[in-house]
4 protein chains.
Amino acid sequence: MNIGMIGYKFMGKAHTHAYHDVKLFFPETLAPRRLIICGRDERGVSRAATQLGWEQWSTDWNEVVTHPAIDLVDINTPSNAHKEIALAALKNGKHVICEKPLAITLEDAREMAEAAEQSGAKHMVCFNYRFVPAIRLAKKLLDEGRIGQVRQYRGWFLQDWLTDKDAPYVWRLDRSVAGSGAHGDLNAHAVDLARFLVGEFQEVSGMSRTFVTHRQPSAEEMDEAAFREVTVDDATSFLACFENGAMGTFEASRVAGGRRCANGFEIYGSEGSIRFNFERMNELEVYDTGDDAGSQGFKTILATESCHPYMHAWWPAGHGIGFEHTFIHAVLELLEAIKTDRPCSPNFTDGLRCQQVLDAVEKSIASRQWVRVESNL
Amino acid sequence: MNIGMIGYKFMGKAHTHAYHDVKLFFPETLAPRRLIICGRDERGVSRAATQLGWEQWSTDWNEVVTHPAIDLVDINTPSNAHKEIALAALKNGKHVICEKPLAITLEDAREMAEAAEQSGAKHMVCFNYRFVPAIRLAKKLLDEGRIGQVRQYRGWFLQDWLTDKDAPYVWRLDRSVAGSGAHGDLNAHAVDLARFLVGEFQEVSGMSRTFVTHRQPSAEEMDEAAFREVTVDDATSFLACFENGAMGTFEASRVAGGRRCANGFEIYGSEGSIRFNFERMNELEVYDTGDDAGSQGFKTILATESCHPYMHAWWPAGHGIGFEHTFIHAVLELLEAIKTDRPCSPNFTDGLRCQQVLDAVEKSIASRQWVRVESNL
Amino acid sequence: MNIGMIGYKFMGKAHTHAYHDVKLFFPETLAPRRLIICGRDERGVSRAATQLGWEQWSTDWNEVVTHPAIDLVDINTPSNAHKEIALAALKNGKHVICEKPLAITLEDAREMAEAAEQSGAKHMVCFNYRFVPAIRLAKKLLDEGRIGQVRQYRGWFLQDWLTDKDAPYVWRLDRSVAGSGAHGDLNAHAVDLARFLVGEFQEVSGMSRTFVTHRQPSAEEMDEAAFREVTVDDATSFLACFENGAMGTFEASRVAGGRRCANGFEIYGSEGSIRFNFERMNELEVYDTGDDAGSQGFKTILATESCHPYMHAWWPAGHGIGFEHTFIHAVLELLEAIKTDRPCSPNFTDGLRCQQVLDAVEKSIASRQWVRVESNL
Amino acid sequence: MNIGMIGYKFMGKAHTHAYHDVKLFFPETLAPRRLIICGRDERGVSRAATQLGWEQWSTDWNEVVTHPAIDLVDINTPSNAHKEIALAALKNGKHVICEKPLAITLEDAREMAEAAEQSGAKHMVCFNYRFVPAIRLAKKLLDEGRIGQVRQYRGWFLQDWLTDKDAPYVWRLDRSVAGSGAHGDLNAHAVDLARFLVGEFQEVSGMSRTFVTHRQPSAEEMDEAAFREVTVDDATSFLACFENGAMGTFEASRVAGGRRCANGFEIYGSEGSIRFNFERMNELEVYDTGDDAGSQGFKTILATESCHPYMHAWWPAGHGIGFEHTFIHAVLELLEAIKTDRPCSPNFTDGLRCQQVLDAVEKSIASRQWVRVESNL
């Protein structure tokens with residue numbers, strides 16, 4: 001399994017580590033080989049190649065997607081570059097894994113999903129939180145009907161790195177590069193988890209805010225002096241109806257002081273409830289209406305036992321895992337899909353579905369009305 | 001201070017206890033005398049009079065509001081009876097304390113607020129959660145600017161006594177008596193706290209659901225046999241813009257399994273954050289962006305010290321108080337307003353303001369659009 | 001039920017409130033009448049009588065214990081005065097409730113317990129924490145065998161009002177008045193809870209420390225200028241074996257910064273575990289080894305439901321109670337014992353048993369060896 | 001840096017992963033090469049070599065410790081084999097890392113520490129919990145005097161895999177192989193953390209229990225039929241005095257239902273407090289007596305920021321790490337010590353110091369008295 005990876009920063013490192021570790025813990029899967037890493041900045045990418053253990057490096061992604069030895073292309077560039085690379089990779093018969101959001105417009109996402117479905121390749125969009133064992137446990141409990149019919153869902157993803165008005169400008173604040181702000185970055189995860197756990201969205205009503213409209217240049221750009229305009233949202237919230245009748249509320253923010261990486265949900269069903277917060281990623285809280293009267297309450301399950309999803313491969317009960325493990329499990333899913341020639345999940349169609357929801361929220365914000373989520377693929 | 005109280009059940013007991021205890025802990029205030037308790041059911045009210053220590057009882061509220069010895073009328077009947085009693089009491093020159101929601105329509109609430117403002121009497125609407133010491137502490141921190149400018153607010157009030165589809169029918173499920181369901185019952189508190197802590201609402205977009213549309217008769221009515229239709233909401237959520245630019249999300253539910261009485265909020269400001277949940281009513285969580293790098297985090301303050309609001313009157317630090325104390329503090333506010341002839345807070349105008357928000361949410365649900373909150377009084 | 005109370009400060013107020021409220025919530029019990037309150041300081045006690053609603057006051061406790069109208073004597077003076085008053089009250093045929101620790105020496109405690117047992121009166125030692133509903137729930141679960149055989153117990157009572165070396169001198173720091181420090185004050189409660197929940201102690205090994213050996217005079221005594229020596233412990237810990245084979249660790253401290261009133265325990269049994277901390281007094285955490293594999297974890301029970309001990313008298317589920325309610329329940333126990341002529345629990349014998357354990361710990365500290373707890377009564 | 005590793009099970013896997021990953025995240029350090037893995041069972045070790053990525057395997061540890069290419073010997077066998085291997089490795093001039101407890105008798109530990117100190121080699125005992133970032137942060141705060149002078153320390157390490165009386169017999173229950181039970185396995189960590197955070201022990205008083213004295217054979221040995229006697233403790237608790245005057249309580253248990261891997265501590269100082277529990281390993285709770293009155297409370301610090309120890313190498317704030325990272329940091333410490341020729345910490349002398357404390361506790365249990373901890377090295 002020869003990998004070519006485009007992008008080498010935060011996500012590049014997380015993905016690299018997943019390729020590095022996956023076979024140590026899941027020895028039955030395919031062996032990924034870190035063949036070529038690619039980035040625009042020669043110095044940066046060559047240094048990354050050395051540190052992250054890639055055999056070759058390149059500054060031309062075309063070289064990677066057309067390289068005959070490459071089996072799998074991993075795309076973790078800024079969002080506006082996803083489409084072109086992914087289409088080229090698919091056209092060249094490569095399997096593709098792409099960071100979220102799949103694209104910065106719904107049209108682009110659809111084009112990518114269609115190309116992926118028509119190719120014979122495996123494709124994955126890297127909604128890594130689906131691979132948190134505690135979240136998989138939640139999914140299992142839901143599928144078993146343990147909390148009955150879902151009635152209410154609350155999803156949120158709160159960060160705080162933009163709370164300070166003096167935090168400098170970065171590419172993630174430029175709509176033309178990032179597509180949107182907290183919405184595309186964080187609601188993308190929240191929406192995907194809701195789809196994973198509850199089902200498809202029907203309609204939405206949203207609102208968003210940019211609290212700090214101009215930001216100073218970053219340290220490296222200090223000579224440019226001028227403040228730059230923030231063209232994306234700091235926070236976006238929305239209400240949702242699901243196709244199965246459940247109601248939902250969603251919040252994404254990058255200005256929620258003290259919430260470093262609070263990606264969570266609460267689910268209330270006819271027979272129980274489930275809560276999760278990524279800041280305590282090894283825990284799941286479960287309430288069961290069937291417990292004896294007088295003995296009811298939320299139970300904190302430490303999802304670290306060998307019977308919990310993925311945990312047989314790790315440590316004894318109580319020995320938690322961390323953020324990066326979600327990528328190992330995601331890569332495992334992709335490798336297993338390739339190995340056994342079955343569909344990968346989540347794939348580009350999931351990426352499109354997610355984009356349809358995000359797009360409907362943006363339309364709703366513009367029109368100040370409820371907007372129906374597109375359901376055609 | 002002779003009290004006449006209309007209503008004698010859950011809230012009647014809570015209010016009675018407040019009159020009973022207030023002077024023991026706040027000896028400087030007026031001495032309330034429990035003179036007449038009133039209810040429709042002769043057997044019920046006479047028994048309540050004995051147990052709750054009222055000198056007289058009556059089945060005719062007119063008798064109470066016109067009784068020459070009565071100084072203060074306490075109304076804790078079902079919501080649809082509030083208006084008529086309150087107007088009569090005010091007309092007879094009585095001070096009035098009324099349970100929330102003030103009325104079941106906006107028009108009624110306005111009429112009550114106008115009558116109250118025009119009377120020389122003191123009037124209070126019993127938003128008792130304002131009197132939780134930890135919430136008062138939150139208010140103090142906000143007023144001092146400790147978390148800067150508020151950007152995001154999340155308010156919720158989740159209960160679960162209707163989760164079970166076999167929970168029987170009660171008057172609170174009848175729109176003609178209760179006005180609405182979780183919305184008027186629980187969002188009323190959530191909206192009032194948001195007004196107290198953040199400021200006035202500007203516009204809202206809501207949704208609501210009734211998950212169990214028909215319920216069996218209660219044990220006492222079992223011979224009636226037939227299921228009755230639920231004409232109020234089980235859960236109502238909404239988005240909000242505040243006049244000061246903050247954004248908000250709100251959730252009220254009576255079907256949130258495991259959340260017995262989760263009345264809470266999260267506030268994110270430009271310089272810090274605050275969290276509260278009534279299920280741990282003696283705690284307030286505070287995050288301060290000004291803490292040293294590496295030492296930042298949410299701090300759990302046990303709001304039980306003599307320097308915390310109201311707590312000088314109670315026990316040493318760490319010895320928490322309970323639900324009923326909120327009513328003691330509310331009654332104290334009213335007695336002090338009467339004693340010093342100053343406005344009471346929250347009063348009927350606050351009740352009206354709250355109703356304006358609740359009403360706008362209902363209009364928004366009907367129109368499927370954002371609705372501006374009335375700002376005229 | 002005419003009450004005469006000796007002492008009128010922190011505990012006097014808590015007890016007064018219990019007499020004031022008990023019949024409002026437990027209408028079937030006897031009606032306590034606050035007849036005489038007694039204290040050495042005329043100005044203080046007369047003011048207390050007014051504020052706390054006692055009909056008469058006195059500066060002579062002899063007057064109270066011999067007063068023909070008095071049925072019940074309530075003793076909440078400093079510990080060194082307990083014995084003389086209690087013996088006199090019993091001799092005069094009064095029922096007696098006494099604050100803990102029963103006495104400041106084991107001999108005194110034994111004399112009191114013997115006198116109490118020989119009298120026909122009801123006697124209670126005010127281990128009020130036994131009356132926390134969540135702790136009663138723990139007791140119920142233990143009695144039902146829900147956690148199997150108890151193997152390990154950890155009890156602690158941590159406060160922090162002496163953390164600051166500048167906190168002033170008070171009578172509680174004088175061995176001749178208080179008997180001991182954190183040990184008698186706080187371990188008394190911890191030991192009583194352990195006896196209540198697990199059973200009798202067999203032997204102990206202890207250690208103690210006084211970290212701040214001299215303290216400045218209090219504000220009122222500032223003219224005296226001189227620092228005074230602290231003759232009691234700031235913290236005392238001990239190991240214990242129980243008669244049933246369980247092992248225990250105990251900690252009491254008044255210098256545990258941030259622990260305002262952390263009276264708690266953890267119990268590990270052959271089939272489950274229980275945890276409690278008074279700072280969240282409405283919660284009990286329970287672990288059941290019999291839960292399904294993969295669904296095991298500590299469950300947080302909000303012990304506020306009508307099926308929980310004492311809670312039928314209070315508010316709907318989720319509406320917590322506070323510190324003072326423990327005294328209402330304690331007084332209820334005493335009144336019911338008097339009303340139905342049955343033994344009261346905990347009574348003076350429990351006070352003696354507790355003292356035997358505390359005394360053994362002190363002997364162990366002195367001898368630097370394990371010491372067997374006296375088991376004779 | 002050629003590694004030879006003896007042992008290949010739980011700890012072998014954790015150590016292997018550390019060698020595998022360390023340079024990916026800490027690129028400046030030495031490059032460890034997994035040369036030879038060694039174990040008694042040929043089939044087991046050969047399979048481990050393949051899965052864990054070791055170049056060679058052996059069933060003879062002598063071969064490893066004498067192998068000319070080996071620079072570093074990693075010992076993670078059962079405890080009774082540590083000494084012989086370590087001495088041989090040191091004699092052959094190898095650097096050594098050894099799992100805890102260093103040895104099963106104090107004499108053995110001393111012999112090992114002496115040999116290590118006399119060799120020119122680097123030596124480490126694998127007290128991996130010292131390398132949890134949140135614990136390092138605690139250490140930093142202590143060193144900076146942020147909580148003043150330490151007065152009370154509570155250390156505990158609670159697990160529950162032996163709670164069930166039907167859990168089968170394993171080598172860890174045989175004194176001749178394991179040395180002791182919960183005491184050597186878990187108190188070893190608790191003692192080391194206390195030494196790391198507070199300082200040296202002076203004297204101790206302990207107790208221990210074996211609740212399940214005989215256990216059934218494991219599934220593989222089922223044909224042997226007979227139950228085997230458990231010759232180690234299920235739980236051991238002890239009191240301690242530290243040389244600096246602080247007092248301590250310690251608990252280790254493998255029968256604490258629901259506590260999967262609860263390795264924690266509470267530290268109370270003259271100016272603040274610190275709490276930690278490994279089950280939430282990314283969090284540290286800190287209380288500062290210097291906070292403003294009314295704003296005091298325990299703060300939950302998510303120790304995941306780039307300014308926190310080791311965290312610059314990992315992910316953005318809020319993205320937690322897991323159990324295995326402690327080994328990566330431990331290996332980094334060893335590699336850096338080798339690279340820069342400085343002492344490694346913790347080393348074999350720390351292992352001896354720990355053993356001295358554990359040994360004193362065992363003597364205390366036998367003699368039923370306080371026992372002074374040996375302080376000679």
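Just so it is clear, the model here is predicted, and its values are computed rather than measured. (Residues numbered from 1 in each chain as written. Chains lettered and ligands numbered in written order. Predicted model: local features only at pLDDT ≥ 70, side-chain atom pairs only at ≥ 80, totals over all residues. Heavy atoms only, no water.)

Draft legend 1. Examining the overall build of chain A more closely. Regarding its fold elements, chain A presents ten helices and 17 strands. Its C-alpha atoms give chain A a radius of gyration of 21 Å, within 12% of the compact-globule value 21 Å for 377 residues. Principal axes of the C-alpha set define a box for chain A whose edges measure 65 × 50 × 40 Å. A total of 377 residues make up chain A; the buried ones form 67% of that total. If you sum the accessible surface of chain A, you get close to 12500 Å²; carbon and sulfur atoms cover 46% of it. (Helix = DSSP H or I, 4+ residues; strand = E, 2+ residues; numbered from the N terminus. Rg over C-alpha atoms; globule rule 2.2 N^0.38 Å. Buried < 20%, exposed > 50% of the residue type's maximum accessible area, 1.4 Å probe, protein only. Areas by Shrake-Rupley, 256 points an atom, 1.4 Å probe, with all protein chains shown as cover.)

Draft legend 2. Quick look at the packing of helix H1 (residues 10-25) of chain B against helix H9 (residues 325-340) of chain B. Residue and element names in this part refer to chain B. The N-to-C vectors of H1 and H9 enclose an angle of 65 degrees; their axes lie 8 Å apart at closest approach. Between H1 and H9 lies a crossing whose hand is right-handed. Residues Met11, Ala14, His15, His17, Ala18, Tyr19, Asp21 and Val22 of H1 form the contact with H9, whose own contacting residues are Phe327, Ile328, Val331, Leu332 and Leu335. Looking at the contact of H1 with H9 residue by residue, the class counts come to ten nonpolar, two polar and one charged. (Axes fitted to C-alpha atoms, helices over the stretch in contact; angles between N-to-C directions. Left-handed = near helix turned anticlockwise from the far one by under 90°. Contact = heavy atoms within 4.5 Å. Nonpolar A, V, L, I, M, F, W, Y, C, P; charged D, E, K, R; others polar.)

Draft legend 3. Representation of the sheet that holds strand E3 (residues 56-58) of chain B. Residue and element names in this part refer to chain B. Pairing in this open sheet of six strands is parallel, and the strands run E3-E2-E1-E4-E5-E6 from one edge to the other. Edge strands, defined here as strands with exactly one partner in the open sheet, are E3 and strand E6 (123-125). The mean angle between the axes of side-by-side strands here comes to 20 degrees, regardless of whether they run parallel or antiparallel. Of the pairings in the sheet, the one linking strand E4 (residues 72-75) to strand E5 (residues 95-98) comprises four bridges and is parallel in character. In the strand pairing of E5, Val73 is matched with Val96. H9 rests against E4, E5 and E6 of the sheet, and its axis sits at about 165 degrees to E6. (Pairing = 2+ DSSP bridges.)

Draft legend 4. Here's a closer look at the side chain of A:Ser364. Along the chain, A:Ser364 falls in helix H10 (residues 348-367). Residue contacts for A:Ser364: discarding those within four places in its chain leaves A:Val204, A:Ser205, A:Gly206, A:Gln369 and A:Val371.

Draft legend 5. Seen up close, the interface of chain A and chain B. In this assembly, 47 residues from chain A lie in contact with 47 residues from chain B. Interface area for chain A against chain B, summed over the two sides, is near 3800 Å², with a carbon-plus-sulfur share of 52%. It is A:Arg151, A:Met247 and A:Arg368 that lose the most area in chain A upon contact with chain B, and together they represent 18% of the buried surface on that side. In this assembly, chain A and chain B are joined by six salt bridges. Ionic pairing is found between B:Glu203 and A:Arg368, a salt bridge with its closest N-O pair at 2.6 Å. On inspection of chain A and its partner chain B, the count reaches 23 residue pairs in polar contact (both at pLDDT 80 or more). At the level of secondary structure, the elements contributing two or more residues to the side of chain A that touches chain B comprise strand E7 (150-158), strand E8 (201-209), strand E11 (235-242), strand E12 (247-253), strand E13 (262-269) and strand E14 (272-277) of chain A. Ranked by residue count, the leading element in the side of chain A that touches chain B is E11(A), at seven residues. (Buried area = accessible area lost by both parts, 1.4 Å probe. Salt bridge = Lys/Arg side-chain N within 4 Å of Asp/Glu carboxyl O. Polar contact = N/O pair within 3.5 Å; in protein donor to acceptor, adjacent residues only side chain to side chain.)

Draft legend 6. Region of the structure containing the relation of the copies chain A and chain B. Expressed as a screw transformation, the operator carrying chain A onto chain B has a rotation angle of 180 degrees and an axial translation of 0.0 Å, and the superposed copies differ by an RMSD of 0.0 Å. In the structure described here, the two chain copies are related by an operation that fits a two-fold rotation axis. Across chain A, the rotation axis passes nearest the C-alpha of A:Gln369, at a separation of 2.2 Å. When the interface residues of chain A are mapped onto chain B, 100% of them again fall at the interface, so both copies present the same face. (Least-squares fit on C-alpha atoms with pLDDT ≥ 70 in both.)

Draft legend 7. Region of interest: the interface of chain D and chain A. Each partner contributes residues to the interface: chain D has 37 residues there, and chain A has 37 residues. Both faces considered, chain D and chain A share a buried interface measuring about 3200 Å² in area, 59% of it formed by carbon and sulfur atoms. Interface area lost by chain D to chain A is led by D:Leu24, D:Arg260 and D:Trp315, which between them contribute 21%. Here chain D and chain A share four salt bridges between them. For A:Glu305, the salt bridge goes to D:Arg260, with nearest N and O atoms at 3.1 Å. For the interface between chain D and chain A, the tally reads 19 residue pairs in polar contact (both at pLDDT 80 or more).

Draft legend 8. Region of interest: the UniProt feature "domain: Gfo/Idh/MocA-like oxidoreductase N-terminal" (unreviewed entry) in chain A. The UniProt record annotates "domain: Gfo/Idh/MocA-like oxidoreductase N-terminal" (unreviewed entry) at residues 1-125 of chain A. Overall, residues 1-125 of chain A shows 45% helix and 20% strand. The separation of its end C-alpha atoms is 18 Å. (UniProt positions renumbered as here; feature names shortened; annotations may be inferred.)

Draft legend 9. Expanded view of the pattern of salt bridges. Under the criterion given, the structure shown has 122 salt bridges over all chains. Close ionic contact of C:Lys363 with C:Asp359 constitutes a salt bridge, the shortest N to O distance being 2.3 Å. A residue pair is termed a helical-turn pair when its members lie 3 or 4 positions apart in one helix, as C:Lys363 and C:Asp359 do in helix H10 (residues 348-367) at four residues. Overall, C:Asp359 belongs to the buried group, its relative accessible area being 17%. Look at the salt bridges and you will find they share partners, linking A:Arg154, A:Glu251, A:Arg259, A:Glu266, B:Arg154, B:Glu251, B:Arg259 and B:Glu266 into a network.

Draft legend 10. Spotlight on the sheet that holds strand E2 (residues 33-38) of chain A. All names here are of chain A. Judged by pairing direction, the sheet is parallel, and its six strands sit side by side in the order E3-E2-E1-E4-E5-E6 without closing on themselves. Looking at strand neighbours, the two that pair on one side only are strand E3 (56-58) and strand E6 (123-125), the edges of this open sheet. Averaged over all pairs of adjacent strands, the angle between strand axes in this sheet comes to 20 degrees, irrespective of strand direction. Both strand E5 (residues 95-98) and E6 contribute to a ladder of three bridges, which runs parallel. The residue bridging Ile97 from the neighbouring strand is Met124, located in E6.

Draft legend 11. Spotlight on unusual backbone geometry. Residue A:Pro101 is reached from A:Lys100 by a cis peptide bond, and omega for that bond is -10 degrees. Within the secondary structure, A:Pro101 is located in the loop between E5 and helix H5 (106-118). Non-glycine residue B:Asp341 carries a positive phi angle of around 50 degrees. Tracing the sequence through the fold places B:Asp341 in the loop between H9 and helix H10 (348-367).

Draft legend 12. Summary view of the domain arrangement of chain A. All names here are of chain A. As assigned here, chain A comprises domain 1 (2-129) and domain 2 (130-321 + 328-348 + 353-366). The C-alpha-based centres of domain 1 and domain 2 are spaced at 23 Å. Facing 42 residues of domain 1, the contacting portion of domain 2 comprises 49 residues. Buried surface at the junction of domain 1 and domain 2, both sides included, amounts to about 3800 Å², of which 72% is carbon and sulfur. Taking the shortest distance from any N to any O, the salt bridge between Asp341 and Lys122 comes out at 2.8 Å. There are 14 residue pairs in polar contact (both at pLDDT 80 or more) connecting domain 1 and domain 2. Breaking the side of domain 1 that touches domain 2 down by element, the ones donating at least two residues are helix H1 (10-25), helix H4 (82-91), E5, H5 and E6. (Domains from an automatic or database assignment.)

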